Amino acid sequence: IPKAALLPMFESALKLVNANVVHEGSIYKIVPTGEALGNGVVDRNTASTPGYGISVLPLRYVSAETVLRAIDSFAAKPGMARVDNARNLLLVQGQSTERASAIEAALALDVDWMKNQSVGIFPVRNASPDTIITELKNVFDSSKEGAAGNLVRFQPINRLNAVLAIAKTNSMISQVRTWVARLDRADYD
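One structure accompanies this document, and this report is about it. Quick caveat: nothing in here was measured; it's all calculated off a predicted structure.

1. Considerations on the sheet that holds strand 9 (residues 162–167)
Part 1 of the reasoning: The sheet built from 3 strands is open, its strands ordered 7-9-8 with antiparallel pairing. For this open sheet the edge positions go to strand 7 (118–123) and strand 8 (152–157), each flanked by a neighbour on one side alone. The average undirected angle you get between the axes of adjacent strands in this sheet is 20 degrees.
Part 2 of the reasoning: Relative to strand 9, strand 7 runs antiparallel, the two being bridged by 6 bridges. In the strand pairing of strand 9, isoleucine 121 is matched with leucine 164.
Part 3 of the reasoning: Each of strand 8 and strand 9 is contacted by helix 5 (residues 129–140), which is oriented at about 170 degrees to strand 8, the strand it contacts most.
Part 4 of the reasoning: Most of the contacts of helix 6 (residues 170–183) go to strand 7, to which it runs at about 10 degrees, and overall it touches strand 7, strand 8 and strand 9.

Encoded structure:
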């Protein structure tokens, strides 16, 4: 067994008898699971400290509440993770391997979803943005199951009486511009 895998394997074995390793100072203590809660080390951004503890992960692009809903019961046991909404932090409590799995899943979700996206705002004069969006969704077949389901999204901006389009490419935004001009006409020759 590699030296790095020894403590995680020991933690797993202790879990079978409802015990945990808690790192305090320079020693490791073996305590019943109930006593481990609230003890151990606090890691920032990582779960590298062996034993039972808490890892604090600041999220940059996605709300901690959204990440918690995604990983709860999937990559983290129920009740293992909490959020601090004021600072957009994910707090994960548990053994080092459990914390590492939950943090890895959270980091996979914390991505800049606007990166590499093209955006266009198109004012409309002769119709409401909602009406134009309904027609654009039909033209681009952008429903969830449609051909362009994930390629272009539309949002009304009622204050500006405009349509916001977010697409994967500039060419798709150009197509939206063309179709908004075609659909926003008062005269239908």
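2. Thoughts on the environment of glutamate 135
Part 1 of the reasoning: Within the secondary structure, glutamate 135 is located in helix 5.
Part 2 of the reasoning: Using a relative accessible area of 31% as the deciding quantity, one classes glutamate 135 as partly exposed.
Part 3 of the reasoning: Taking the C-alpha atoms as reference, glutamate 135 lies 7.8 Å from leucine 183; in sequence the two are 48 residues apart.

3. Considering the nonpolar core
Part 1 of the reasoning: Within the largest apolar cluster, 17 residues are counted, with the highest numbers of intra-cluster contacts made by Leu57, Leu59, Val67, Ile71, Leu90, Val92 and Ala102.
Part 2 of the reasoning: Looking at this core, the elements with two or more residues in it are helix 3 (64–71), strand 6 (89–94) and helix 4 (96–109).
Part 3 of the reasoning: Not counting the four nearest positions on each side in its chain, valine 67 is found in contact with Leu59, Val62, Leu90, Ala106 and Leu109.
Part 4 of the reasoning: Residues Phe122, Leu136, Ala165 and Ile173 belong to the second largest nonpolar core, which totals 16 residues.

Each value, and the rule that gives it
Residues numbered from 1 in each chain as written. Predicted model: local features only at pLDDT ≥ 70, side-chain atom pairs only at ≥ 80, totals over all residues. Heavy atoms only, no water. Pairing = 2+ DSSP bridges. Helix = DSSP H or I, 4+ residues; strand = E, 2+ residues; numbered from the N terminus. Axes fitted to C-alpha atoms, helices over the stretch in contact; angles between N-to-C directions. Contact = heavy atoms within 4.5 Å. Buried < 20%, exposed > 50% of the residue type's maximum accessible area, 1.4 Å probe, protein only. Core = buried A, V, L, I, M, F, W, Y, C linked by side-chain atoms within 4.5 Å.

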